[in-house]
Amino acid sequence: MQNMKFNTKTIHGGQMHEETTGSVMPPVFLTSTFAQSSPGEHKGYAYARGTNPTRTALEASFAALENGTHAFAFASGMAAIDAVLRLLKPGDEVIAGDDLYGGTYRMFTQLFQKYGLEFTYVDMNSIENVTNAITANTKLIWIETPTNPLMKIADIEAISAKIKDENSEILVAVDNTFATPYLQKPLDLGADIVMHSATKYLGGHSDLVMGALMVNNEKLAKDIHFIQFAAGAIAGPMDSFLALRGVKTLHVRMQRHCENGLKVAKFLDAHSKVDKVYYPGLETHESYAIAKKQMNDFGGMVSFKLKDESKKETFAFLESTKLFTLAESLGGVESLVNHPVTMSHGSIPEKERLKIGITDSLIRLSVGIEDIEDLLNDLEQALNA
C-alpha cells in the first residue's frame, strides 16, 4: 500500500508478515550465523553483524517513518553519531550548534578532535551564523533541533537549502531525537542524514538503548552500512524487537506528550517561582514561528529556570518530585526530571555551559503521558517544597 499516512506507517511501514509461519510480528532471530547452501550462497543472511532479520524489519520501519530509503539500527545513539563522523577524514571540519547534548559534545571534543577533525560551534538560530562559519574544510553541518536542553530551533529547510546552494558536497545531519518523525522529517526538509537516539521516543518505554540513522541517498547508505559492518556497533535482535513494538504506538504516545508538554510549559510560565521557560510551543519562544513552520506540534520536552538560582533551591525541587522521576534519559511514557549541569551535560566545561545559559538552576523535564492534573499537582508541590 503506497502513500500511507504517518499513523498507519508506524504500524505497517516497511513491514510484512513472516513468510514461514505468517507471524504478524517478526520473530526474534537469536542467531549469530546462517546456513549456506554453497559457499557464498544463502537466503540473504550470512552473519548477524551484517544483517539480522529482526533488525532488518526494524530498519525498514525506521526508513518508512522518516521517508528515507535506508535505515540503520545501532547499539546506541552515540554509536550512530560515531558512524556519521567516520564518514569524514582528518582535517575535515564540522559546524555544530552551540547547544548540544553533552554526550555529543564529549564525543566531538574528547574523541574525534584528537583524531584530526575540527569542530566549530555556532548559534543556529541564525542561518548566517552557519554560512559565515563555512571554510574550505567544512564537510558536515550537525544540527540538533529542538536542542538539548535549551530548546533552540534551527530552520532545517533554510539551512539545508543555503548549504546546498553554496556547496553540494557538505553533508547536513539532523539529530531528530527530541522531535521524532511524528513532529518533523528532516529528509523532506533537505537534510542528508537523520539521527535518533532510539532509546528515547522511538522505543518509548525506557527498556532499551539504541541509535538510528536514516538516509535517502544510495551512496551514503552504502558508506554507512560498511562502517556499521566493519565497526560492529549493531542493535541486537531482542532490542530490535522491543524498538519495533515501541514504534507501533509512537503516534498515539506523541499526541499525549505534546498535549501534556504544552500544558506543563504554560503552567510553569505562569508560576511565581519560575524565571524562564524554554518550550517552542510558547508564542514567547524566540523561534516559535520557525518551530510552527517545520514541526507538526511541539513535543514533550520542557526546560525552565527557577527565580531562586541557588543550587540548594534547585536540588530541593529535584528531590521533591513524586511522579517526575529524577533520572537520566527522556522520551519514555513516564515523566522524568533532569539536572543538566550534574547529569546530561556534566561533561561540558562550566565556562562553555555558562556561555550559552546552562546554569545550576536549569531543570529539564521529559513530560510523560500520565494524567495532566497529576503532573501539574506534582510540579506544584515540588516548587513549594
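Visitor: Sorry if this is basic, but what is going on with the pairing of strand E12 (residues 362–366) here?
Guide: Summarising burial for E12: five of the five residues are buried, a large majority. The alternating pattern of E12 places Leu362, Arg364 and Ser366 on one face and Ile363 and Leu365 on the opposite face, and all of these are buried. Here strand E9 (residues 301–306) pairs with E12 via five bridges, running antiparallel. Within E12, the position partnered with Val302 by the bridge is Leu365. Here strand E11 (residues 336–338) pairs with E12 via three bridges, running antiparallel. If you follow Leu336 over to E12, its bridge partner there is Ser366.

Visitor: Please clarify how the packing of aromatic side chains should be interpreted in this entry.
Guide: Pairs of aromatic rings are described using the distance from one ring centre to the other and the angle between the two planes. Tallied over the entire structure, the rule returns eight aromatic pairs. Where Phe34 meets Tyr45, the ring centres are 5.5 Å apart and the plane angle is 35°; that geometry is what we call tilted. Taken together, the positions of Phe34 in the loop between helix H1 (6–12) and helix H2 (53–65) and Tyr45 in the loop between H1 and H2 put the pair 11 residues apart, joining distant regions of the chain. Owing to a relative accessible area of 17%, Phe34 belongs among the buried residues under this scheme.

Visitor: In this structure, what is going on with the sheet that holds strand E6 (residues 193–197)? I would like to understand it.
Guide: As summarised here, the arrangement of the seven strands in space is E1-E7-E6-E5-E4-E2-E3, forming an open sheet in which the pairing is mixed. The strands lining the two open edges of the sheet, one partner per strand, are strand E1 (70–74) and strand E3 (118–122). Taken pair by pair, the neighbouring strands of this sheet meet at an average axis angle of 20°, ignoring direction. As defined by bridge partners, strand E2 (residues 93–97) adjoins E3 across five bridges and the pair is classed as parallel. Paired with Ala96 across the two strands is Tyr121, which belongs to E3. With respect to the sheet, helix H6 (residues 156–166) is in contact with strand E4 (138–144) and strand E5 (171–175), its orientation differing from that of E5 by roughly 165°. The sheet strands contacting helix H8 (residues 218–231) are E1, E5, E6 and strand E7 (211–215), and the helix crosses E1 at an angle near 20°.

Visitor: Can you walk me through the side chain of His251 in this structure?
Guide: With respect to the helices and strands, His251 occurs in helix H10 (residues 250–269). For His251, a relative accessible area of 9% gives the class buried. A distance of 2.9 Å separates polar atoms of two side chains, one belonging to His251 and the other to Thr10. Discounting residues that sit within four places of it in the chain, His251 has contacts with Phe6, Asn7, Thr10, Ile11 and Tyr182.

Visitor: Is there a simple way to explain the sheet that holds strand E10 (residues 325–326) in this structure?
Guide: Sheet strands pair via backbone hydrogen bonds, and the direction of the pair is either parallel or antiparallel. Spatially, E8-E9-E12-E11-E10 is the arrangement adopted by the five strands of the open sheet, whose pairing is mixed. One side of each edge strand has no neighbouring strand; the edge strands of this open sheet are strand E8 (274–278) and E10.

Visitor: Looking at this structure, how should I read helix H12 (residues 311–318)?
Guide: For an α-helix the count is 3.6 residues per turn, leaving residues at separations of three or four pointing the same way. Regarding H12, the residues found buried are Thr314, Phe317 and Leu318. All buried residues of H12 fall inside an arc of 100° around its axis, so they share one side. Packing partners of the buried residues in H12 comprise E9, E10, E11, E12 and helix H14 (372–383).

Visitor: I tried to follow the nonpolar core on my own but got confused; where do I start?
Guide: When a protein is soluble and globular, its nonpolar side chains tend to lie buried together. Ranked by size, the top nonpolar core spans 65 residues in total, and within it Phe62, Met210, Leu268, Val277, Phe304, Phe317 and Leu365 carry the most contacts. Phe72, Phe119, Val215 and Ile227 belong to the second largest nonpolar core, which has 29 residues in total.

Visitor: Mind showing me how you'd approach the pattern of salt bridges here?
Guide: Side-chain pairing between opposite charges can occur once the charged atoms of the two side chains come close. The final tally for this structure, using the stated rule, is 12 salt bridges. Where Asp123 meets Lys152, a salt bridge forms, and the shortest distance between an N and an O atom there is 3.8 Å. Of this pair, Asp123 sits in the loop between E3 and helix H5 (127–132) while Lys152 sits in the loop between E4 and H6, placing them 29 residues apart in sequence. For Lys152, a relative accessible area of 13% corresponds to the buried category. Measuring nitrogen to oxygen at the nearest pair gives 3.4 Å for the salt bridge that ties Glu352 to Lys355.

The rules behind each value
Numbers given to residues run from 1 along each chain, matching the order in which its sequence is written. The predicted nature of this model means local features are confined to residues of pLDDT at least 70 and side-chain atom pairs, given and counted, to a pLDDT of 80 or more, with totals for whole chains, interfaces and linings taken over all residues. Note that water and hydrogens are dropped before the side-chain values are worked out from all heavy atoms of the structure. Remark: exposure states derive from per-residue accessible area (1.4 Å probe, protein chains only) relative to the maximum for the residue type, with buried under 20%, exposed over 50%, and partly exposed in between. Helical segments are the DSSP runs of H or I of at least four residues, strand segments are the runs of E of at least two, and each set is numbered from the N terminus. Criterion used throughout: strands pair if DSSP finds at least two bridges between them. Each Phe, Tyr or Trp ring (for Trp, its six-membered ring) is paired with any other whose centre lies within 6.5 Å, and the angle between the two planes then decides the class: stacked below 30 degrees, edge-to-face above 60, tilted in between. For helices, the axis comes from a line fit to the C-alpha atoms of the stretch in contact; other axes are also lines fit to C-alpha atoms, and the angle between any two N-to-C directions lies between 0 and 180 degrees. We call two residues in contact when some of their heavy atoms are within 4.5 Å. Polar contact is the term for a pair of N or O atoms within 3.5 Å; when the atoms are in protein, one must be able to donate a hydrogen and the other to accept it, and sequence-neighboring residues count only if both atoms are side-chain atoms. When we speak of the arc, we mean the arc of directions from the helix axis to the C-beta atoms. Grouping buried Ala, Val, Leu, Ile, Met, Phe, Trp, Tyr and Cys residues that are joined through side-chain atoms within 4.5 Å yields what is termed a nonpolar core. Counted as salt bridges are all cases of a side-chain nitrogen of Lys or Arg within 4 Å of a carboxyl oxygen of Asp or Glu.

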